[in-house]
Amino acid sequence: MNTTRIALVMHEPLGAAFEACARHVLGRVPDLTVFDVAPDAEPAAQTGRILEWMRVRGPAEPILILCDLYGATPFNIAAQALRQALDDGYVAHLLTGTNACMVLKALTDQQENPESLSERVRQGALRGIVNAEPPCDC
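Residues numbered from 1 in each chain as written. Predicted model: local features only at pLDDT ≥ 70, side-chain atom pairs only at ≥ 80, totals over all residues. Heavy atoms only, no water.

Participant: Please clarify how the pairing of strand β1 (residues 5–11) should be interpreted in this entry.
Facilitator: Two faces make up the sheet, and in a regular strand the side chains alternate between them. In terms of residue burial, β1 counts as a mostly covered element, since 6 of its 7 residues are buried. Inspection of the sheet shows β1 paired to strand β3 (residues 63–67) by 5 bridges, in the parallel sense. Bridge pairing links V9 to C67 in β3. By the bridge criterion, 5 bridges tie β1 to strand β2 (residues 33–37) in an arrangement that is parallel. If you follow A7 over to β2, its bridge partner there is T33. This β-α-β element, β1 to helix α1 (residues 14–26) to β2, shows right-handed connectivity. (Buried < 20%, exposed > 50% of the residue type's maximum accessible area, 1.4 Å probe, protein only. Helix = DSSP H or I, 4+ residues; strand = E, 2+ residues; numbered from the N terminus. Pairing = 2+ DSSP bridges. Right-handed = clockwise from strand over helix to strand, strands pointing away.)

Participant: Sorry if this is basic, but what is going on with the sheet that holds β3 here?
Facilitator: Sheets are built from strands paired through backbone hydrogen bonds, the pairs being either parallel or antiparallel. Strands sit in the order β2-β1-β3-β4 across an open sheet of 4 strands; the sheet is parallel. In the strand order of this sheet, the two ends are held by β2 and β4 (92–95), each with one partner. Direction aside, the axes of adjacent strands within the sheet are offset by 15° on average. Contacts between helix α2 (residues 43–55) and the sheet are confined to β1, β2 and β3, with β1 contributing the most and set at about 170° to the helix. Strands β1, β3 and β4 of the sheet are contacted by helix α4 (residues 100–109), whose axis makes an angle of about 170° with β3. (Axes fitted to C-alpha atoms, helices over the stretch in contact; angles between N-to-C directions. Contact = heavy atoms within 4.5 Å.)

Participant: Looking at this structure, how should I read the pairing of β3?
Facilitator: By the criterion of burial, β3 is predominantly enclosed, with 5 of the 5 residues buried. Judged by which residues are buried, β3 turns out to be covered on both faces: I63, I65 and C67 on one side and L64 and L66 on the other are all buried. Across 4 bridges, the pairing between β3 and β4 is parallel. Counterpart to I63 in the pairing with β4 is A92. Between the parallel elements β3 and β4, the chain passes through helix α3 (residues 73–87) in a crossover that is right-handed.

Participant: What's the story with α1 in this structure? I'm lost.
Facilitator: A turn of α-helix holds 3.6 residues, and therefore any two residues three or four places apart point the same way. Between its first and last C-alpha atoms α1 spans 18 Å; for 13 residues at 1.5 Å apiece the expected length is 18 Å, and the two agree. If you check which residues of α1 are buried, you get G15, F18 and A22. Each buried residue of α1 sits inside an arc of 60° when the element is viewed along its axis, so together they form one side. Against the buried residues of α1 lie β1, β2 and α4. Looking one or two residues past α1, G27 carries a phi angle of roughly 75°, positive in sign. (Expected span 1.5 Å × (residues − 1). Arc of directions from axis to C-beta.)

Participant: Even after reading the chapter, I still don't get the environment of T47, so can you show me in this structure?
Facilitator: As for its placement among the helices and strands, T47 is situated in helix α2. Discounting chain neighbours no more than four positions away, the residues touching T47 are I77, Q80 and A81.

Participant: Explain the packing of aromatic side chains here, please?
Facilitator: Here the distance between the centres and the angle between the planes together describe a pair of aromatic rings. A complete count under the given rule lists 2 aromatic pairs for this structure. On the numbers, 4.7 Å between centres and 50° between planes, the contact of Y70 with F75 is tilted. Since its relative accessible area comes to 13%, F75 is described here as buried. The lysine or arginine in question, R5, covers the ring of W53, its NZ or CZ lying 4.2 Å from the ring centre. (Phe/Tyr/Trp six-rings, centres within 6.5 Å; stacked < 30°, edge-to-face > 60°. Lys NZ or Arg CZ within 6 Å of the ring centre and 35° of its normal.)

Next up, the structure:
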């Protein structure tokens, strides 16, 4: 089974920050690609960069794209690339609302079944959201 390739498509500099966080927590360079979208970025050019990255290894390797905000420019860029990739026969998924738990779950589970990876990553995000009580000073 092929490893799922992971990309972060986010408002600059959030993707790089998530990558640095993953490197810190995992103690290694994470296996992901970051596309931080600058405020003045040309969407068509960014879509082209993502498609180029997708096509490097061909449709045999599944792809998971994580975005920060649904409906924002990075999401729209990623969604356009995803539509093209799906039309070209790629197995690809797009999740939004990315948090650190999602990035870490994606990186640690990327060897698993790509068809269920996006749902496991989504569930990982939900499990990481806790209304925690402060520790007792007893």
